[in-house]
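# Examination of the molecular architecture
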Amino acid sequence: PAFRTWCVGTGNQGFSVDYALPKNGGAVPDLESSADAPLKRMRYSHFACNVVHEDLAFAPGVDVHKQKMVLKNNVEHSCGGKLPAEHGHGTEYHAPKETKERWQNMDPLNVMNPGVGGLSSKYKYAE
């Protein structure tokens, strides 16, 4: 909330993301090099576990969704990282098959977190 408030208060836009890098890694994932470079890029991490949180602010008019997808792609394909890291799959990320199966076994009616991890948001996982 604080970062989003800062963006709104300064007339900018942005996003926050968390990811995990390999134990022997830690490189900063590249962004698309263009005039759409972030105005501000803040990285926070957990000591010794390579979980990274980033807040990126962009000028109005920048396609923030595109920038987020570039970052996520680079984390997974260039840096060998994983998304999400700490804050769960939500509705933006698709969970691994085993995770989806575990959730479906724990919540056969799909009432606890409908739509999470790429699963259906409908009752009993109906499509």
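I will try to describe carefully the structure that is included in this document. Going along each chain's sequence as written, the residues are numbered from 1 onward. Given that the model is predicted, a residue must reach a pLDDT of at least 70 before its local features are reported, and side-chain atom pairs must reach 80 or more before they are shown or counted; all residues, however, enter totals for whole chains, interfaces and linings. By convention in this description, side-chain values take in all heavy atoms of the structure and omit both hydrogens and water.

## Description of the sheet that holds strand 1 (residues 13–20)
Pairing is antiparallel across the open sheet formed by three strands, whose spatial order is 1-3-2. Because the sheet does not close on itself, it has two edges, and the strands there are strand 1 and strand 2 (40–45). Across this sheet, the average inter-strand angle for adjacent strands is 15°, counted without regard to direction. The pairing criterion is simple: DSSP has to find at least two bridges between the two strands. Here a helix means four or more residues in a row that DSSP labels H or I, a strand means two or more in a row labelled E, and each is numbered from the N terminus. Judged from the six bridges that link them, strand 2 and strand 3 (residues 51–58) form a sheet pairing that is antiparallel. Paired with Arg43 across the two strands is Glu54, which belongs to strand 3. What makes two residues a contact is simply this: any of their non-hydrogen atoms within 4.5 Å. Here, axes are lines fitted to C-alpha atoms. For helices the fit covers the stretch in contact, and angles between N-to-C directions go from 0 to 180 degrees. Of the strands in this sheet, strand 1, strand 2 and strand 3 touch helix 2 (residues 64–77), which is tilted by about 15° from strand 1.

## Digging into the pairing of strand 3
Only protein chains enter the accessibility calculation, which uses a 1.4 Å probe; a residue whose area is less than 20% of its type maximum is buried, one above 50% is exposed, and one in between is partly exposed. Across the eight residues of strand 3, eight count as buried, placing the element largely inside the fold. Neither face of strand 3 is open: one carries Val51, His53, Asp55 and Ala57, the other Val52, Glu54, Leu56 and Phe58, and all of them are buried. In this structure, the hairpin formed by strand 2 and strand 3 is closed by a connection of five residues, where Ala48 is found at a positive phi of approximately 70°.

## What about the nonpolar core?
Burial of nonpolar side chains together is a common tendency in soluble globular proteins. Core analysis: the largest hydrophobic core is formed by 15 residues, its most contacted members being Phe15, Val17, Tyr19, Leu56, Phe58, Leu71 and Leu83. At the level of secondary structure, the elements contributing two or more residues to this core comprise strand 1, strand 3 and helix 2. Filtering out sequence-adjacent residues up to four positions away, Leu83 remains in contact with Val17, Asp18, Tyr19, Lys72, Val75, Glu76 and Tyr93. The nonpolar core is taken to be a set of buried Ala, Val, Leu, Ile, Met, Phe, Trp, Tyr and Cys residues, with the residues joined through side-chain atoms within 4.5 Å.

## A few points about the layout of surface pockets
A 1.4 Å probe that fits but cannot get out identifies a cavity on a 1 Å grid over protein atoms alone, an open set with protein on both sides within 12 Å along at least five of seven lines counts as a pocket, and a residue lines either if it has an atom within 4 Å of a point. Grid points are joined across faces, edges and corners, and a volume is the space filled by probe spheres set on the points. Empty space within the largest pocket amounts to approximately 220 Å³. Put simply, the parts of the chain that give the lining of the largest pocket at least two residues each are strand 1 and strand 3. Polar here means any residue outside two lists: the nonpolar Ala, Val, Leu, Ile, Met, Phe, Trp, Tyr, Cys and Pro, and the charged Asp, Glu, Lys and Arg; Gly therefore counts as polar. When its residues are assigned to classes, the lining of the largest pocket shows three nonpolar, six polar and five charged.

## As for the packing of aromatic side chains
Two rings from Phe, Tyr or Trp (for Trp, the six-membered ring) form a pair when their centres are within 6.5 Å of each other. A pair whose planes differ by under 30 degrees is stacked, one over 60 is edge-to-face, and the rest are tilted. Per the stated rule, a full pass over the model turns up two aromatic pairs. With a centroid separation of 6.3 Å and an interplanar angle of 15°, the aromatic rings of Phe3 and Trp6 are classed as stacked. Residue Phe3 and its partner Trp6 are located together in helix 1 (residues 2–10), separated by three residues, close to a single helical turn. When its relative accessible area of 13% is taken as the criterion, Phe3 is described as buried. Residues Phe15 and Phe58 carry aromatic rings whose centres are separated by 5.9 Å and whose planes lie at 15° to one another, so their mutual orientation is stacked. Of this pair, Phe15 sits in strand 1 while Phe58 sits in strand 3, and the two are 43 residues apart along the sequence. Of the residues examined, Phe15 reaches a relative accessible area of 5% and is grouped as buried.

Scope: geometric values only; no functional claims are made or implied.
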